[in-house]
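Geometric and topological summary
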Amino acid sequence: MSALLEVSGITAFYGASQALFGVDLIVNEGEAVALMGRNGMGKTTTIKTICRMMSHRDGEVRFADTDLAKLPSHKAARLGIGLVPEGRRCFARLSVMENLMAAARAGEWDFDRVADLFPRLAERRDQKAMTLSGGEQQMLAIGRALMTNPRLLILDEATEGLAPVVRQEIWAAINRLKQSGLSILVVDKSLKELSGVADRYVVVEKGVTAWTGAVGDLSDELADRYLGV
Ligand code: ATP
């Protein structure tokens, strides 16, 4: 397996305050990796540095054999990282279709394929994003990321605050994406759902990678120590 994303020893700061002290993680081609840890441990900050919304100070972020720090951020975005950000962030006054088309880049993902993954978006194609339910907005956020035809899909708390039945729909879609061979990095708190989709776990604690291993290797004791579940 070859590494698509390789994060090694990154540190990052908010002003003078250090948030990351040495995060390592790898996502291989076709692999689904879950980034986990308690609140405030550095998951979102790690994702922001991977997506170049923040700079790291030490360490390196390599994607598709390119050192992202050496690229301007607009070029880094075009390399193929599709982010589904925490809090969804669609264009509220644009329709479902307009939201999707605004994100589109050439490749195999188009409106029809997104509509096949999320039929509800097709039914609501002319509805403004702000009139969608929370779950539908989340589907739209995932659809937008897919329309960019990413090589790596990153999901930050994609099921947070949603009703159980909608969460199941989103997890089923993530599973389909994984089965289709897409590389995925997912942040979520639900160990049960993650264990169904992820190949490996990476656990961060206080801004440092504290544990990484295959899904089956996370014992109850480790889960309790790092995740408090
Ligand atoms: P959560 O599960 O709550 O989203 P997280 O693991 O994603 O947590 P981060 O959001 O990455 O954690 O936060 C890591 C550290 O950085 C925390 O100590 C947090 O207080 C700090 N931090 C996050 N965002 C900012 C910011 N905009 N300014 C200053 N400090 C921040």
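Residues numbered from 1 in each chain as written. Predicted model: local features only at pLDDT ≥ 70, side-chain atom pairs only at ≥ 80, totals over all residues. Heavy atoms only, no water.

- Looking at an unreviewed UniProt entry, one finds the protein named ABC transporter ATP-binding protein, with Thalassospira xianhensis MCCC 1A02616 as its source organism.
- Listed in UniProt under the heading Sequence similarities (unreviewed entry), the comment for the protein reads: "Belongs to the ABC transporter superfamily." (UniProt positions renumbered as here; feature names shortened; annotations may be inferred.)

**Here's the deal with the site of the ligand**
- Near the ligand lie 13 residues; those nearest to it are Gly-40, Gly-42, Lys-43, Thr-44 and Thr-45.
- Contact distances for the ligand include 2.7 Å between an oxygen atom and a backbone N or O atom of Gly-40.
- Contact distances for the ligand include 2.8 Å between an oxygen atom and a side-chain N or O atom of Lys-43.
- Broken down by element, the residue count for the shell around the ligand peaks at three residues, all from helix H1 (residues 43-50).
- A per-class count over the shell around the ligand returns three nonpolar, five polar and five charged. (Near = heavy atom within 4 Å. Polar contact = N/O pair within 3.5 Å; in protein donor to acceptor, adjacent residues only side chain to side chain. Helix = DSSP H or I, 4+ residues; strand = E, 2+ residues; numbered from the N terminus. Nonpolar A, V, L, I, M, F, W, Y, C, P; charged D, E, K, R; others polar.)

**Overview of the side chain of Thr-46**
- Tracing the backbone shows Thr-46 in helix H1.
- Polar side-chain contacts of Thr-46 include one of 2.7 Å to the backbone oxygen of Gly-42.
- Discounting residues that sit within four places of it in the chain, Thr-46 has contacts with Leu-20, Val-23, Leu-25 and Leu-35. (Contact = heavy atoms within 4.5 Å.)

**Digging into the packing of aromatic side chains**
- Scanning the entire structure with this criterion turns up zero aromatic pairs.
- Note that Arg-113 overlies the ring of Trp-109, its terminal NZ or CZ placed 3.9 Å from the centroid. (Phe/Tyr/Trp six-rings, centres within 6.5 Å; stacked < 30°, edge-to-face > 60°. Lys NZ or Arg CZ within 6 Å of the ring centre and 35° of its normal.)

**Let's talk about the side chain of Ser-183**
- Relative to the helices and strands, Ser-183 is located in strand S8 (residues 183-187).
- For Ser-183, the side chain forms a polar contact with the main-chain nitrogen of Gly-30, separated by 2.8 Å.
- Setting aside residues no more than four positions away along its own chain, Ser-183 makes contact with Leu-4, Val-27, Asn-28, Glu-29, Gly-30, Glu-31, Arg-151, Leu-152 and Leu-153.

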